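Chains, contacts and geometry: an overview
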Amino acid sequence: MSSARYTTSDIHYEIRTIGAPLTVDDILDPQEEKNVGEVTAYEDGDAIVAEIRRRQAIRSGELVEVESDDEDEDDPPKVCAIELIPMCEKLEAACIARVGADSSLNLVHKFRAFRAALRREELQNAKQATLDKFWITK
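Everything in this summary refers to the structure shown in the same document. If you're wondering where the values come from, they're calculated on a predicted model, not measured in any experiment.

Attention shifts here to the pattern of salt bridges. Under the criterion given, the structure shown has five salt bridges. One salt bridge connects Arg119 with Glu89, and the closest N-O pair in it is separated by 3.3 Å. In this pair, Arg119 is assigned in helix α7 (residues 105-125) and Glu89 in helix α6 (residues 81-99), connecting sequence segments 30 residues apart. The exposure class of Arg119 is partly exposed, given its relative accessible area of 39%. The exposure class of Glu89 is partly exposed, given its relative accessible area of 35%. The partner of Arg115 in a salt bridge is Glu92, and the shortest N-O contact between them spans 2.7 Å. Taken together, the residues Arg115 in helix α7 and Glu92 in helix α6 connect sequence positions 23 residues apart. The exposure class assigned to Arg115 is buried, which follows from its relative accessible area of 15%.

Right, let's get into the nonpolar core. Counting seven residues, the largest nonpolar core consists of Ala81, Leu84, Ile85, Cys88, Cys95, Phe111 and Leu118. Going through the elements one at a time, α6 and α7 are the ones with two or more residues in this core. Per-element accounting of this core gives the leading share, five residues, to α6. Among residues more than four places away in sequence, those in contact with Phe111 are Cys88, Leu91, Glu92 and Cys95.

Tracing the chain through its elements places Leu105 in helix α7. In this structure, the C-alpha to C-alpha distance between Leu105 and Glu92, residues 13 residues apart in sequence, is 9.6 Å.

Cut-offs and rules
Residues numbered from 1 in each chain as written. Predicted model: local features only at pLDDT ≥ 70, side-chain atom pairs only at ≥ 80, totals over all residues. Heavy atoms only, no water. Salt bridge = Lys/Arg side-chain N within 4 Å of Asp/Glu carboxyl O. Helix = DSSP H or I, 4+ residues; strand = E, 2+ residues; numbered from the N terminus. Buried < 20%, exposed > 50% of the residue type's maximum accessible area, 1.4 Å probe, protein only. Core = buried A, V, L, I, M, F, W, Y, C linked by side-chain atoms within 4.5 Å. Contact = heavy atoms within 4.5 Å.

What follows is the structure in structure tokens.
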């Protein structure tokens, strides 16, 4: 019965606890686990190894990490139809000159169909100018 009379200070002295004892919350949810940072799910062990090697290469300077701008990736390049039509003509001529008309016939047909679609789009979006705009000044 005398062993049941130990106080908490006696227990701390016996097990040489230094500082304040941990609470149940501190034991179940330690502060170190709260500051883990970025957590990434990996498919398999090879993906983990590849990520570790990539991070080591960045630290050693062999690899330079570049931040990408997500907004630029979503937007397709803006090229107007007026610029695309001459490009198609040049590509068509290059296909015929390099490969020959027989083997590049399908690609030439695709370029011409694309050029026709561009011209159709250009005509549909065109605005007609009147002659008054050229001679009457304000």
